Amino acid sequence: MSRRPLIGVSAYVEPADWAVWRGVRAVLVPEAYSRAVTAAGGRAVVLPPDDVDADVVAVLDGLLLAGGADVGSVRYGQPPDPRTEDRPDRDAGELALLAAALAGQVPVLGVCRGMQLLAVAYGGTLHQHLPDVVGHEEHRPAPGVYGAHAVRFAPGSLAASVLAGVEQVNSYHHQAVADPGRLTVTGWAGDGVVEAVEDPALPFVLGVQWHPENESDPRPITALVRAAGKRV
């Protein structure tokens with residue numbers, strides 16, 4: 001019997017409350033990610049921020065860069081906007097993991113912040129506060145409230161094949177890809193915001209700006225696990 005593909009999921013470090021404890025710094029990731037990986041036939045492995053080395057990638061079959069706080073603007077050579085809230089420990093650890101995964105052709109999926117990190121790793125830049133660019137708040141309508149908007153994909157792209165028939169997605173972000181660097185943009189919202197990027201030169205490198213882990217049909221995560229399964 002073959003084992004399940006091992007999918008590394010990058011984690012947050014944030015103050016958390018549980019039982020009698022309040023404000024304890026904890027390594028955590030929304031359970032929706034691991035649930036989606038498990039449902040697709042994979043085994044989720046939570047990866048705390050760690051920039052000492054990326055040796056763990058050698059035992060992974062896939063890498064999922066989760067959402068969360070902003071990517072630090074220093075990573076793409078811009079001064080920080082006052083509304084940018086970064087996590088340098090995540091940036092350092094995840095960029096190391098990503099470099100190792102790309103070098104080993106390990107399948108990679110970037111979700112929301114994860115897609116933005118992909119773009120930065122490929123030499124791109126970000127819009128630090130999207131409402132200043134598009135003139136509305138529909139991509140993050142209120143604290144803790146997901147937006148919903150139309151999306152389209154480039155015919156023949158990985159995104160189009162994974163997301164055939166998908167016309168609307170959720171979203172919760174105030175930053176977005178401005179320049180994808182060496183990545184190819186293959187998905188857009190109705191207002192032109194970049195919604196999907198990929199690297200056609202590698203077997204599976206995909207970034208999506210929305211949160212498929214919270215969709216009833218989390219196709220990008222399912223596609224990641226299937227791609228990872230080819231390495232088992």
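In the annotation of an unreviewed UniProt entry, the protein chain is listed under the name Glutamine amidotransferase and assigned to Micromonospora vinacea.

Moving on, we come to the pattern of salt bridges. Counting across every chain of the model gives 10 salt bridges. Each member of the salt-bridge network shares a partner with another, and the members are Arg90, Asp91, Glu94 and Arg113.

All buried positions along helix H1 (residues 31-39) are accounted for by Ala32, Tyr33, Ala36 and Val37. Buried residues of H1 fall within an arc of 135 degrees about the axis and therefore sit on the same side. Buried-residue contacts for H1 involve strand E1 (6-10), strand E4 (43-47), strand E5 (62-65), strand E6 (108-111) and helix H6 (219-229). Backbone geometry just after H1 places Gly41 at a positive phi near 100 degrees.

The next point concerns the side chain of Ser10. Relative to the assigned elements, Ser10 resides in strand E1. A distance of 2.9 Å separates the side chain of Ser10 from the backbone nitrogen of Ala66, its partner in a polar contact. In this structure Ser10 touches Val29, Leu47, Leu64, Leu65, Ala66, Arg90 and Glu94, once residues within four positions along its chain are discounted.

What follows covers empty space enclosed by the protein. The final tally for this structure, using the stated rule, is 1 cavity of 30 Å³ or more. For the largest cavity, the calculated volume is near 40 Å³. Surrounding the largest cavity, Leu130, Pro131, Val134, His136, Glu137, Glu138, His139, Arg140, His173 and His174 form its lining. Counted by class, the lining of the largest cavity contains 3 nonpolar, 4 polar and 3 charged residues.

Right, let's get into the packing of aromatic side chains. Remark: the centre distance and the inter-plane angle together describe each pair of aromatic rings, the angle taken between the planes. Under the criterion given, the structure shown has 2 aromatic pairs. Ring geometry for Phe153 and Trp210: centres 6.1 Å apart, planes at 50 degrees, overall tilted. Linking Phe153 in strand E8 (residues 147-153) with Trp210 in the loop between strand E13 (205-208) and H6, this pair joins segments that are 57 residues apart in sequence. With a relative accessible area of 15%, Phe153 lands in the buried category.

This brings us to the side chain of Arg113. With respect to the helices, strands and loops of the structure, Arg113 is situated in helix H3 (residues 113-121). Apart from the residues within four sequence positions on either side, Arg113 is in contact with Ala66, Gly67, Gly68, Ala69, Asp70, Val71, Arg90, Asp91 and Glu94.

So, on to H3. Taken across its 9 residues, H3 has 8 buried, putting it largely inside the fold. Looking at H3, one finds that the buried residues are Arg113, Gly114, Met115, Gln116, Leu117, Leu118, Ala119 and Val120. Looking at the residues trailing H3, positive phi occurs at Gly123, about 90 degrees.

This part is about the sheet that holds E13. Read across the open sheet, the 9 strands follow the order E4-E1-E5-E6-E13-E12-E11-E8-E9; overall the sheet is mixed. Every interior strand has two partners, whereas the edge strands, E4 and strand E9 (168-171), have only one. Within this sheet the neighbouring strands show an average axis-to-axis angle of 25 degrees, counted without direction. The pairing of strand E12 (residues 194-198) with E13 spans 3 bridges and is antiparallel. For Val197, the partnering residue across the bridge sits in E13 and is Gly207. The strands touched by H1 within the sheet are E1, E4, E5 and E6, with E4 carrying the most contacts at an inclination of about 150 degrees.

The side chains of a regular strand alternate, first on one face of the sheet and then on the other. One ladder, built from 3 bridges, connects E8 with strand E11 (residues 184-189); its direction is antiparallel. Residue pairing for E11: Val151 is matched across the bridge by Ala189. Pairing between E11 and E12: 4 bridges, direction antiparallel. Bridging from a neighbouring strand, Gly187 pairs with Ala196 of E12. Where E11 folds back onto E12 in an antiparallel hairpin, the turn is made up of 4 residues, including Gly192, whose phi is positive at roughly 90 degrees.

Rules of the game
- Residues numbered from 1 in each chain as written.
- Predicted model: local features only at pLDDT ≥ 70, side-chain atom pairs only at ≥ 80, totals over all residues.
- Heavy atoms only, no water.
- Salt bridge = Lys/Arg side-chain N within 4 Å of Asp/Glu carboxyl O.
- Buried < 20%, exposed > 50% of the residue type's maximum accessible area, 1.4 Å probe, protein only.
- Helix = DSSP H or I, 4+ residues; strand = E, 2+ residues; numbered from the N terminus.
- Arc of directions from axis to C-beta.
- Contact = heavy atoms within 4.5 Å.
- Polar contact = N/O pair within 3.5 Å; in protein donor to acceptor, adjacent residues only side chain to side chain.
- 1 Å grid on protein atoms, 1.4 Å probe; cavity = no way out; pocket = protein on both sides within 12 Å on 5 of 7 lines; lining within 4 Å.
- Points joined across faces, edges and corners; volume = space filled by probe spheres on them.
- Nonpolar A, V, L, I, M, F, W, Y, C, P; charged D, E, K, R; others polar.
- Phe/Tyr/Trp six-rings, centres within 6.5 Å; stacked < 30°, edge-to-face > 60°.
- Pairing = 2+ DSSP bridges.
- Axes fitted to C-alpha atoms, helices over the stretch in contact; angles between N-to-C directions.

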